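# Summary of the model geometry
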Amino acid sequence: MFFAFSRSAPRQTESLTIPRRSMYNHADIVRVKRLEQQNKCNNVVTKAKGTTMIDQFMKSAIEEARIGLDEGGIPIGAVIVHDGRIIGRGHNRRIQKGSAILHGEMDALENAGRLSAGVYRQCTLYTTLSPCVMCSGAILLYGIPKVVIGENRTFMGEEILLASRGVRVDVLDLQECVDMMRDFIDENPTLWNEDIGV
């Protein structure tokens, strides 16, 4: 399945609902709905059916997640793509490095190195899991215009916030990503809760 935040999705679509325990605040949701009504926001949360192919960049993010898992960490991977090539890759290394902030997206940004704001504004970030508030803040700070997410069933991050600020968000709903996270969460609930601040 392919999830896209776009009215132009060529496949059959249906609206997604926001979970009850959502971290979205009411103002973000109202802002997105107002922009949609004014036709100024094409980042509508929709679910498009029928996509099975995984592109090379998401495959790289999944590889990063598996590296993290093999290292004894949380299986979340990310890559940053500019002009059709990966300029930064990373995986969640909070456990491995004893870090408070090395989520997959943050590790990928760190590994991309110091870049001009103009480069970030032309990038796409691929991540195996919906980005948390910290990672979403970094996406907004650097002006990354597009985020492709492997899945958001095991954790719903700040997708509405990103969309409300003009970021295009595509949720692929990849079973491979869901299974990897569910297995980890079932086996390591304490580590997972620590990672998401519960």
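Anyway, here's the lowdown on the structure attached to this text.

What counts, and where the lines are drawn
Residues numbered from 1 in each chain as written. Predicted model: local features only at pLDDT ≥ 70, side-chain atom pairs only at ≥ 80, totals over all residues. Heavy atoms only, no water. Salt bridge = Lys/Arg side-chain N within 4 Å of Asp/Glu carboxyl O. Helix = DSSP H or I, 4+ residues; strand = E, 2+ residues; numbered from the N terminus. Axes fitted to C-alpha atoms, helices over the stretch in contact; angles between N-to-C directions. Contact = heavy atoms within 4.5 Å. Nonpolar A, V, L, I, M, F, W, Y, C, P; charged D, E, K, R; others polar. Polar contact = N/O pair within 3.5 Å; in protein donor to acceptor, adjacent residues only side chain to side chain. Patch = residues over 30% accessible without salt bridge, like charges linked within 9 Å, V, L, I, M, F, W, Y side chains within 5 Å. Areas by Shrake-Rupley, 256 points an atom, 1.4 Å probe, with all protein chains shown as cover. Lys, Arg positive; Asp, Glu negative; His and termini not counted. Charge placed at Lys NZ, Arg CZ, Asp CG, Glu CD. Phe/Tyr/Trp six-rings, centres within 6.5 Å; stacked < 30°, edge-to-face > 60°. Buried < 20%, exposed > 50% of the residue type's maximum accessible area, 1.4 Å probe, protein only. Parallel < 35°, antiparallel > 145°, perpendicular 65-115°, else oblique. Left-handed = near helix turned anticlockwise from the far one by under 90°.

Under the criterion given, the structure shown has six salt bridges. The salt bridge partner of R89 is E64, with a shortest N-O separation of 3.4 Å. Pair noted here: R89 is in strand β5 (residues 85-91) and E64 is in helix α2 (residues 56-70), with a separation of 25 residues, a long-range link. Within the structure, one salt-bridge network assembled from shared partners comprises K146, R168 and D170.

Here we come to the packing of helix α4 (residues 104-112) against helix α6 (residues 133-142). When two helices pack together, their arrangement is given by the angle between their axes and by how far apart the axes lie. For the pair α4 and α6, the least separation of the axes is 8 Å and the interaxial angle reads 35 degrees. In this structure, α4 uses E105, M106 and L109 to contact α6, whose residues at the interface are M134, C135 and A138. In terms of residue class, the contact of α4 with α6 is built from five nonpolar, no polar and one charged.

Mapped onto the elements of the fold, T127 is located in strand β6 (residues 123-129). A polar contact is formed between the side chain of T127 and the side chain of E105, at a distance of 2.9 Å. Filtering out sequence-adjacent residues up to four positions away, T127 remains in contact with M58, I76, G77, A78, E105, V147, V148, I149 and G150.

For the rest of this paragraph, the subject is a negative patch on the surface. A cluster of acidic residues, D179, D183, D186 and E187, forms a negative patch at the surface. Within the secondary structure layout, D179 lies in helix α8 (residues 175-187).

The next point concerns the packing of aromatic side chains. Applying the stated criterion across every chain, the model contains three aromatic pairs. Both rings, one in F57 and one in Y126, keep their centres 5.5 Å apart while their planes meet at 50 degrees; by these two values the pair is tilted. Pair noted here: F57 is in helix α2 and Y126 is in strand β6, with a separation of 69 residues, a long-range link. Y126 carries the same exposure label as F57, and that label is buried.

Right, let's talk about the environment of G73 for a bit. Topologically, G73 is positioned in the loop between α2 and β4 (77-82). Here G73 falls in the buried class, since its relative accessible area comes to 1%. As for G73 and H91, which are separated by 18 residues in sequence, their C-alpha atoms are 8.7 Å apart. Residues within four places of G73 in sequence aside, it is in contact with G68, I95, Q96 and F184.

So, about the environment of D173. Along the chain, the position of D173 falls in the loop between β8 (168-171) and α8. We classify D173 as buried; its relative accessible area is 8%. Between the C-alpha atoms of D173 and N152, which are 21 residues apart in sequence, the distance is 6.8 Å. Within the structure, the side chain of D173 is placed 2.8 Å from the side chain of R153, a separation counted as a polar contact.

Let's shift gears to the packing of α2 against α8. The N-to-C vectors of α2 and α8 enclose an angle of 15 degrees; their axes lie 11 Å apart at closest approach. Classified by the angle their axes make, α2 and α8 are roughly parallel. Classified by chirality, the crossing of α8 by α2 is left-handed. Along the contact surface, α2 presents I62, A65, R66 and L69, while α8 presents E176, C177, M180 and F184. For the contact of α2 with α8, the class distribution of residues is six nonpolar, no polar and two charged.

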